[in-house]
Amino acid sequence: MAKYLLIESRDPFESNEVTRTYNFAMALSGAGNEVTLFLVQNGVLPTRSGAQVEGLAEVAGSDVTVLADDFSLRERAIGAGQLAAGIAAAPLEVVIDQLADGVKAIWH
């Protein structure tokens, strides 16, 4: 089993490519890998509870760990209590720690 870190910085309301990242995270997880999806910059916009974004709720409800950069959330006035189920706020240090541990990373 491999460990993967997918970093998504794009807004799914502007780019259809984001859905591909969500699907890729699910496929990697479904193949038995440990997957973390880290949302940063405009990638945190769909994390609000009640946001209608294709695919994110499915990823958050799966075995994929979905984290949203706490700094990016604060910049966009999204409180940790406003996050949808299955999504947690986390510091950027999570990315640094995983990279230091040799996790395979893909940044979009």
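Structure report, in brief. Keep in mind that what you see is a predicted model, and the values were worked out from it rather than measured. (Residues numbered from 1 in each chain as written. Predicted model: local features only at pLDDT ≥ 70, side-chain atom pairs only at ≥ 80, totals over all residues. Heavy atoms only, no water.)

1. A few points about the environment of Gly32
Put simply, the test is: In this description a helix means any DSSP run of H or I spanning at least four residues, a strand means any run of E spanning at least two, and both kinds are numbered starting from the N terminus. Here's how the labels work: a residue is buried when its accessible area is under 20% of the maximum for its type, exposed when over 50%, partly exposed in between, all with a 1.4 Å probe on protein chains only.
Turning to its location among the elements, Gly32 is positioned in the loop between helix H1 (17-30) and strand E2 (34-39). Residue classification places Gly32 among the partly exposed residues on the basis of a relative accessible area of 37%. Separated by 48 residues in the primary sequence, Gly32 and Ala80 have C-alpha atoms spaced 29 Å apart.

2. What about the nonpolar core?
Operational definition: Put simply, a nonpolar core is a bunch of buried Ala, Val, Leu, Ile, Met, Phe, Trp, Tyr and Cys residues held in one set by side-chain atoms that sit within 4.5 Å of each other. Only heavy atoms matter for contacts: two residues are in contact if any of them lie within 4.5 Å across the pair.
Counting residues in each nonpolar core, the largest one holds 23 residues, and the members touching the most others are Tyr22, Val35, Leu37, Leu56, Val64, Val66 and Ile87. When residues of this core are traced back to their parent elements, those giving at least two are strand E1 (3-8), H1, E2, helix H2 (56-60) and strand E3 (65-69). When residues of this core are assigned to their parent elements, the largest contribution, 4 residues, is made by H1. What Val66 contacts, discounting residues up to four positions off in sequence, is Leu37, Leu39, Leu56, Val59, Ala60, Gly86, Ile87 and Ala88. Membership of the second largest hydrophobic core comes to 8 residues, among which are Leu5, Val40, Leu67 and Ala90.

3. Thoughts on the sheet that holds E2
Whether parallel or antiparallel, the strands of a sheet pair through hydrogen bonds between backbone atoms. To keep things clear, this is the line we draw: Strands qualify as paired when DSSP identifies two bridges or more between them. Lines fitted to C-alpha atoms define the axes here, with helix axes fitted over just the stretch in contact, and angles between the N-to-C directions of these axes take values from 0 to 180 degrees.
Read from one edge to the other, the open sheet built from 5 strands follows the order E4-E3-E2-E1-E5, with strand pairing classed as parallel. Looking along the sheet, the strands with just one partner apiece sit at the ends: strand E4 (87-90) and strand E5 (104-107). Recorded for the sheet is a direction-independent mean angle of 25 degrees between the axes of neighbouring strands. Across 4 bridges, E3 lies against E4 in parallel orientation. Note on E4: the bridge partner recorded for Leu67 is Ala88. Contacts from H1 reach E1, E2 and E5 within the one sheet, and its direction differs from that of E1 by about 170 degrees.

4. Notes on the pattern of salt bridges
Formally: Throughout this description, the term salt bridge denotes a Lys or Arg side-chain nitrogen within 4 Å of a carboxyl oxygen of Asp or Glu.
For the structure shown, the criterion picks out 4 salt bridges. Residue Arg10 is joined to Glu8 by a salt bridge in which the shortest nitrogen-to-oxygen separation is 3.1 Å. Look at Arg10 and you get partly exposed, because its relative accessible area is 24%. The salt bridge involving Arg76 is made with Glu75; its shortest N-O contact spans 3.2 Å.

Function cannot be read off these values alone, since they describe shape.
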